[in-house]
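# Summary of structural features
The residues making up each chain are set out below.
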Amino acid sequence: MAAAFTFAMAAEADAADVRKRREYGSTPEQAWAVIKDFCSISTWHPGIKSCELSTKDGATVRTLTTQDGAKFVEQLVSADDKTTTLTYKILESPLPVQNYVSSIKVGWDDDGCEVVWTSKFDPKGASEADAIKAVTDVYTAGLKGLTRVLKQT
């Protein structure tokens, strides 16, 4: 199984971008089946203890509780089977970010499949570098955790 990581960041005005990519030896269909379930993140991200689904103003919302008790409230924007892309936005979180929108895309690469997790956000209450590091750490742990789940499929 290939395990390549790439990281990129760019700044536009106050906005920051984070992009993290990992290759997997599974098929894109296997990876997408896991990722498209909006609450399945609690099965593959080691930092997430639980996920509860609800609705808010007609939108699907998940409340994530981390291993240390922190809460994230995130709204599903879309889960597109054609493009195998899940997009969500953070409504509330302990991360030093605001206006956060993220996508997780599953696709093909030379070795099987790749998962690319990207986001755009504005730093809040921290430097841009600290905000980017916090988001990057979340993605790194999650993509590594996804490896364990995909080995089982």
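Keep in mind that what you see is a predicted model, and the values were worked out from it rather than measured.

### Observations regarding empty space enclosed by the protein
By the definition in use, this model includes one cavity of 30 Å³ or more. The space that makes up the largest cavity amounts to roughly 30 Å³. Together, Ile35, Asp37, Phe38, Ser40, Ile41, Trp44, Arg62, Leu86 and Ile104 line the largest cavity. Residue classes in the lining of the largest cavity are distributed as six nonpolar, one polar and two charged.

### Remarks on the packing of helix α1 (residues 28-35) against helix α3 (residues 128-151)
In the contact formed by α1 and α3, the axes pass within 10 Å of each other and the chain directions differ by 115 degrees. The angle between the axes of α1 and α3 places the two elements in the roughly perpendicular class. As for the relative orientation of α1 and α3, their crossing is right-handed in sense. Residues Gln30, Ala31, Val34 and Ile35 of α1 form the contact with α3, whose participating residues are Leu146, Val149 and Leu150. Across the contact of α1 with α3, the residue classes break down as six nonpolar, one polar and no charged.

### Topic: the packing of aromatic side chains
A full pass over the atoms with the stated rule returns five aromatic pairs. With 5.9 Å between their ring centres and 65 degrees between their planes, tryptophan 44 and tryptophan 117 make a pair best called edge-to-face. Within this pair, whereas tryptophan 44 is found in helix α2 (residues 41-44), its partner tryptophan 117 is found in strand β8 (residues 112-123), the two being separated by 73 residues in sequence. On the accessibility criterion, tryptophan 44 (2% relative accessible area) is buried. Taken together, the aromatic side chains of Phe38, Tyr88, Tyr100 and Phe121 make up a single cluster linked through ring pairs. Just above the ring of tyrosine 88 sits the side chain of arginine 62; from NZ or CZ to the centre is 4.9 Å.

Basis of the calculations
- Residues numbered from 1 in each chain as written.
- Predicted model: local features only at pLDDT ≥ 70, side-chain atom pairs only at ≥ 80, totals over all residues.
- Heavy atoms only, no water.
- 1 Å grid on protein atoms, 1.4 Å probe; cavity = no way out; pocket = protein on both sides within 12 Å on 5 of 7 lines; lining within 4 Å.
- Points joined across faces, edges and corners; volume = space filled by probe spheres on them.
- Nonpolar A, V, L, I, M, F, W, Y, C, P; charged D, E, K, R; others polar.
- Axes fitted to C-alpha atoms, helices over the stretch in contact; angles between N-to-C directions.
- Helix = DSSP H or I, 4+ residues; strand = E, 2+ residues; numbered from the N terminus.
- Parallel < 35°, antiparallel > 145°, perpendicular 65-115°, else oblique.
- Left-handed = near helix turned anticlockwise from the far one by under 90°.
- Contact = heavy atoms within 4.5 Å.
- Phe/Tyr/Trp six-rings, centres within 6.5 Å; stacked < 30°, edge-to-face > 60°.
- Buried < 20%, exposed > 50% of the residue type's maximum accessible area, 1.4 Å probe, protein only.
- Lys NZ or Arg CZ within 6 Å of the ring centre and 35° of its normal.

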